[in-house]
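One letter stands for each residue in the lines below.
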Amino acid sequence: MFRFRDKEIAEKIVRQLKGMNLNIRLMHVCGTHQGTLVHYGLDTLFRECGITIRQGPGCPVCVTTTREYEEAIALARKGVTIATFGDASRIPGRNSSLLGLRAQGCDVRVVYSIEDAIKIAEKAGKRVVFLGIGFETTAPSTAVMILKGLPENFSVLSSHRHIPPALNALLNMGEFKLHGLIEPGHVSTIIGVKPYEEFSKRYRIPQVIAGFEPLDILMAVYMLALQIKNDEAKVENEYSRVVRYEGNLKALKSLENVFEPFSVSWRGFPTIHGSGMKIRKEYEGFDARKVYEDELKDVSHEVFEDPKGCRCGEVLRGIVDSTDCALFGTWCTPASPVGPCMVSIEGSCNIEFRYGLWRKKSTSADNCRFRD
């Protein structure tokens, strides 16, 4: 790992970037990339090179809508055990989070995987619903367990999503000029390189799939800068040590067997065609929206709005930075979050809050901490 944080190599790349006289705006779609950018001060270095990088809809807990959290909340209130990831349990609903309901006596369990949730169902003998959140990275584990067969008292509230349709929607909206995309390493490990190729052709936009170490991101940005300077638009794979062109065929097959694409809203976005993962009819006995259709009827007809003043939707579209929100760091903190971007460790606001303070106190020469 040390070679991916080599300061001398990093300085060479930065010198190259500074010599290119750039004035470009890039976007990545991965919370882990955002963590690396801010933690190691790369965002500051890039700005000195004429490069702005913003996070797009790469935080799965953040893009999941209030309606979906309210579905889980409604079931918890009706005595169903809800199992989900730690960040998801803390996302504010209209009146409470799932974790807040646990303080009121509801059975809400924090788990690390769907396997943990299944064990709860097997031991407790109670009705258990797993709130499955995540992109193509985590969805295969849900699919595999459904294919293996689940306990009769267990079902899945699928909030899994496909990344490529969201990228297409973002580019099609054209809200601002975007010169290049840093594509997510985790998702690309599953889907491969091919799904991105149509975007370079259709929108003439350079793309680079990147890993998560500081040098991965520095190299990815340099590769994008070269494409931009050479007036090229293609997909390059900086993360070739992990990502293959065809992706993970077994994982992709399990997704195809269990889920079918359907249109679903993302926080901050309108309905995105084919971006949701709906459990297929042959497995609907494990689909919580079918199993608890009557209990969820009221939620399906309600209208949910984001909290007043919260700009999380704009952050997820890359229109504003976290610090542009008037609530950031005052009314909205990790201890008392208003929106999901402050809750999730992959959320831009949470990352800025955790790492921004030391960076503001550092000089630009100190900002890149490759050997921490």
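Everything discussed here concerns the structure shown above.
The notes below deal with the structure included here. (Residues numbered from 1 in each chain as written. Predicted model: local features only at pLDDT ≥ 70, side-chain atom pairs only at ≥ 80, totals over all residues. Heavy atoms only, no water.)

## Some thoughts on the state of the cysteines
Disulfides are covalent bonds that link the sulfur atoms of two cysteine residues. Scanning all chains against the criterion turns up two disulfides. With its sulfur 2.4 Å from that of its partner, cysteine 59 forms a disulfide with cysteine 62. Because the sign of the S-S torsion sets the handedness, a value of about 65 degrees for the bond joining cysteine 59 and cysteine 62 places this disulfide among the right-handed ones. The buried category is assigned to cysteine 59, whose relative accessible area is 0%. Under the relative-accessibility criterion, cysteine 62 is labelled buried at 0%. For cysteine 312, the disulfide goes to cysteine 341, at an S-S distance of 2.2 Å. Taking the sign of the torsion about the S-S bond as the criterion, the disulfide between cysteine 312 and cysteine 341, at about 70 degrees, is right-handed. Placement of cysteine 312 in helix α17 (residues 312-316) and of cysteine 341 in helix α18 (residues 340-343) is noted, with a sequence separation of 29 residues between them. (Disulfide = S-S within 2.5 Å. Buried < 20%, exposed > 50% of the residue type's maximum accessible area, 1.4 Å probe, protein only. Helix = DSSP H or I, 4+ residues; strand = E, 2+ residues; numbered from the N terminus.)

## A few points about the sheet that holds strand β7 (residues 180-183)
Taken together, the five strands give an open sheet; going across it, the order is β2-β1-β7-β8-β9, and neighbouring strands pair in parallel fashion. With one partner strand each, in any of the chains shown, β2 (51-55) and β9 (235-237) form the two edges of the open sheet. Adjacent strand axes in the sheet meet at a mean angle of 20 degrees when their direction is disregarded. Of the strand pairs in this sheet, strand β1 (residues 24-28) and β2 are connected by five bridges, and their pairing is parallel. Across the sheet, the residue bridging to methionine 27 is arginine 54, located in β2. (Pairing = 2+ DSSP bridges. Axes fitted to C-alpha atoms, helices over the stretch in contact; angles between N-to-C directions.)

## Digging into the side chain of threonine 84
The topology assignment puts threonine 84 in strand β3 (residues 81-84). Polar side-chain contacts of threonine 84 include one of 3.1 Å to the backbone oxygen of leucine 131. The contact partners of threonine 84, leaving out residues within four places of it in the chain, are Ser89, Leu98, Arg109, Val110, Val111, Phe130 and Leu131. (Polar contact = N/O pair within 3.5 Å; in protein donor to acceptor, adjacent residues only side chain to side chain. Contact = heavy atoms within 4.5 Å.)

## Focus on the nonpolar core
Grouped together as the largest cluster of nonpolar side chains are 67 residues, with contacts concentrated most on Ile82, Leu98, Val129, Tyr196 and Trp266. What tryptophan 266 contacts, discounting residues up to four positions off in sequence, is Pro57, Val63, Thr65, Phe135, Arg161, His162, Ile163, Ala166, Ile272 and Ser275. Formed by 28 residues, the second largest nonpolar core is a distinct cluster that contains Met20, Leu22, Leu26 and Leu37. (Core = buried A, V, L, I, M, F, W, Y, C linked by side-chain atoms within 4.5 Å.)

## What about the packing of helix α1 (residues 7-18) against helix α13 (residues 214-229)?
Running from N to C, α1 and α13 point in directions that differ by 25 degrees, and their axes come no closer than 10 Å. As summarised for this structure, α1 and α13 are arranged roughly parallel, according to the angle between their axes. The two elements α1 and α13 meet at a crossing, and its hand is left-handed. Residue-level inspection shows Ile9, Ala10, Ile13, Val14, Gln16 and Leu17 of α1 in contact with α13, the latter providing Leu215, Leu218, Met219, Val221, Tyr222 and Ala225. Partitioning the contact of α1 with α13 into residue classes produces eleven nonpolar, one polar and no charged. (Parallel < 35°, antiparallel > 145°, perpendicular 65-115°, else oblique. Left-handed = near helix turned anticlockwise from the far one by under 90°. Nonpolar A, V, L, I, M, F, W, Y, C, P; charged D, E, K, R; others polar.)

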